[in-house]
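# Per-entry structural report
Here is what each chain is made of, one letter per residue.
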Amino acid sequence: MPIRLVSMVCRVCLCNLDTGDKQPFRFMGIAGRFSYTFDNRYVTEFNFGYNGSENFAKGKRYGFFPSVALGWIVSEEKFMEPVRNVLSKLKLRGSYGLV
């Protein structure tokens with residue numbers, strides 16, 4: 001039976017930064033992550049951020065910043081069993097996102 005793991009995280013931030021040495025600025029945003037693992041070998045992850053800041057140009061103060069990642073845990077494959085005592089964890093991962 002394959003093992004499936006799903007996790008989801010969401011975070012909201014409303015901040016007013018005033019350190020006293022510079023002009024204060026405000027930003028707010030929400031960020032989230034959705035992860036899915038299938039059979040302890042195949043991993044996918046989607047992240048997003050929707051952020052706003054006074055530092056962004058007028059009319060463009062908010063932006064959506066998504067990313068996606070795919071991974072393969074090669075060390076969990078059957079053909080890796082003979083070398084597991086030497087190579088305990090091998091993962092290939094690729095990702096793409098907007099910043």
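Basis of the calculations
- Residues numbered from 1 in each chain as written.
- Predicted model: local features only at pLDDT ≥ 70, side-chain atom pairs only at ≥ 80, totals over all residues.
- Heavy atoms only, no water.
- Helix = DSSP H or I, 4+ residues; strand = E, 2+ residues; numbered from the N terminus.
- Buried < 20%, exposed > 50% of the residue type's maximum accessible area, 1.4 Å probe, protein only.
- Areas by Shrake-Rupley, 256 points an atom, 1.4 Å probe, with all protein chains shown as cover.
- Salt bridge = Lys/Arg side-chain N within 4 Å of Asp/Glu carboxyl O.

This part is about the overall build of the protein chain. When its secondary structure is counted, the protein chain shows 0 helices and 5 strands. Element order for the protein chain, N to C, with α for helix and β for strand: β-β-β-β-β. Counting the 99 residues in the protein chain, one finds 18% classified as buried. When the accessible surface of the protein chain is split by element, carbon and sulfur atoms take 61% of a total near 7,900 Å².

Turning next to the pattern of salt bridges. For the structure shown, the criterion picks out 4 salt bridges. Here Glu45 makes a salt bridge to Arg33, at a shortest N to O gap of 3.7 Å. You can see Glu45 sitting in strand E3 (residues 42-53) and its partner Arg33 sitting in strand E2 (residues 25-38), a full 12 residues away along the chain. In this structure Glu45 comes out as buried when scored by relative accessible area, which is 17%. A relative accessible area of 43% places Arg33 in the partly exposed class. As a salt-bridge pair, Arg41 and Glu77 come within 2.7 Å of each other at their nearest N and O atoms. Taken together, the positions of Arg41 in the loop between E2 and E3 and Glu77 in the loop between strand E4 (62-73) and strand E5 (91-97) put the pair 36 residues apart, joining distant regions of the chain. Residue Arg41 shares its accessibility class with Glu77, and that shared class is buried. Linked through salt bridges whose partners overlap, the residues forming this network are Arg33, Glu45 and Arg93.

Functional significance is not addressed by these values, which are geometric in nature.
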